[in-house]
Amino acid sequence: MLIKHEFEVRASAKYLFDLTQDYTLRTEWDTLTTEAYLLNDAKVAALGVQARCIGGNGLAMDIEYMSYKPNEVAAVKMVNGPYIFDHFAGGWQFKALSDELTRVRFSYNITAKPRWLSWILTPILCFKFKRETEKRIVALTSYVERQFVVSP
């Protein structure tokens, strides 16, 4: 089941891309993760790089970057994850509307398991993930706004 969120943030596409793909800063703004880091001694996110994200509920998901175009798109797929996910893939697109305004699109494709119950579990899982993603968007936007506050 596909989930999409589109929103605008008052920051450059470069800044937003770099922030969202920087695993040393991830837990400062991302409400879905309490711990996040790159795997296999990777230093930066890139095509083929794997990362682990651990949620507040203790569930961990390992992802691999399937697409990585700086300032434009980062797409991942789950390579190992919580028992409830049969399939998880996500993409973040960044479109500069100006030097200081970016349209961001989060897209997730999720399927629950066990497969024989997927028809009922997938919509429930997606409903919860959609709500959590809405919180994540508010947190990202708030974090960015705090970074650009000018002191009097």
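Residues numbered from 1 in each chain as written. Predicted model: local features only at pLDDT ≥ 70, side-chain atom pairs only at ≥ 80, totals over all residues. Heavy atoms only, no water.

By the naming in an unreviewed UniProt entry, the protein goes by SRPBCC family protein and is assigned to Undibacterium umbellatum.

(A) Focus on the side chain of threonine 102. For threonine 102, the location among the structural elements is in strand β7 (residues 101-112). Here threonine 102 falls in the buried class, since its relative accessible area comes to 0%. Reaching out from threonine 102, the side chain makes a polar contact with the backbone nitrogen of alanine 13 at a distance of 2.9 Å. Apart from residues lying up to four places away in sequence, threonine 102 is in contact with Phe7, Glu8, Val9, Ala11, Ser12, Ala13, Leu16, Phe94, Lys95, Ala96 and Leu97. (Helix = DSSP H or I, 4+ residues; strand = E, 2+ residues; numbered from the N terminus. Buried < 20%, exposed > 50% of the residue type's maximum accessible area, 1.4 Å probe, protein only. Polar contact = N/O pair within 3.5 Å; in protein donor to acceptor, adjacent residues only side chain to side chain. Contact = heavy atoms within 4.5 Å.)

(B) Summary view of the packing of aromatic side chains. The full count for this structure, using the stated rule, is eleven aromatic pairs. Aromatic side chains phenylalanine 7 and phenylalanine 106 sit 5.3 Å apart centroid to centroid with 85° between the ring planes, which places their arrangement in the edge-to-face category. With phenylalanine 7 in strand β1 (residues 2-9) and phenylalanine 106 in strand β7, this pair connects stretches of sequence that are 99 residues apart. Accessibility assignment for this pair places phenylalanine 7 and phenylalanine 106 in one class, buried. Residues phenylalanine 106 and tyrosine 108 carry aromatic rings whose centres are separated by 6.3 Å and whose planes lie at 65° to one another, so their mutual orientation is edge-to-face. Note on tyrosine 108: relative accessible area 3%, which makes it buried. One aromatic cluster is present, formed by Phe7, Trp29, Phe85, Phe88, Trp92, Phe106, Tyr108 and Phe129 through successive ring pairs. (Phe/Tyr/Trp six-rings, centres within 6.5 Å; stacked < 30°, edge-to-face > 60°.)

(C) Just the packing of helix α1 (residues 13-20) against helix α3 (residues 118-147), in detail. Where α1 meets α3, the closest approach of the two axes is 12 Å, and the angle between their N-to-C directions is 120°. The angle between α1 and α3 falls in the class oblique. The interaxial crossing formed by α1 with α3 has right-handed handedness. Residues Tyr15, Leu16, Leu19 and Thr20 of α1 form the contact with α3, whose own contacting residues are Leu140, Tyr143, Val144 and Gln147. Residue composition of the contact of α1 with α3, by class: six nonpolar, two polar and no charged. (Axes fitted to C-alpha atoms, helices over the stretch in contact; angles between N-to-C directions. Parallel < 35°, antiparallel > 145°, perpendicular 65-115°, else oblique. Left-handed = near helix turned anticlockwise from the far one by under 90°. Nonpolar A, V, L, I, M, F, W, Y, C, P; charged D, E, K, R; others polar.)

(D) Representation of α1 in the model. All buried positions along α1 are accounted for by Ala13, Leu16, Phe17, Leu19 and Thr20. Around the axis of α1, the buried residues are gathered within 165° of arc, so they sit on the same side. (Arc of directions from axis to C-beta.)

(E) A look at the pairing of strand β4 (residues 60-69). Bridge count between strand β3 (residues 50-54) and β4: five bridges; the pairing is antiparallel. Residue pairing for β4: glutamine 50 is matched across the bridge by glutamate 64. Taking the residues between adjacent antiparallel strands as the criterion, β3 and β4 are bridged by five residues, where glycine 58 takes a positive phi near 90°. Bridging between β4 and strand β5 (residues 73-80) involves seven bridges; their strand directions are antiparallel. Opposite glutamate 64, over in β5, you have lysine 77 as the bridge partner. Taking the residues that link successive antiparallel strands as the turn, the β4-β5 hairpin has three residues, and the phi of asparagine 71 there is positive, at about 70°. (Pairing = 2+ DSSP bridges.)

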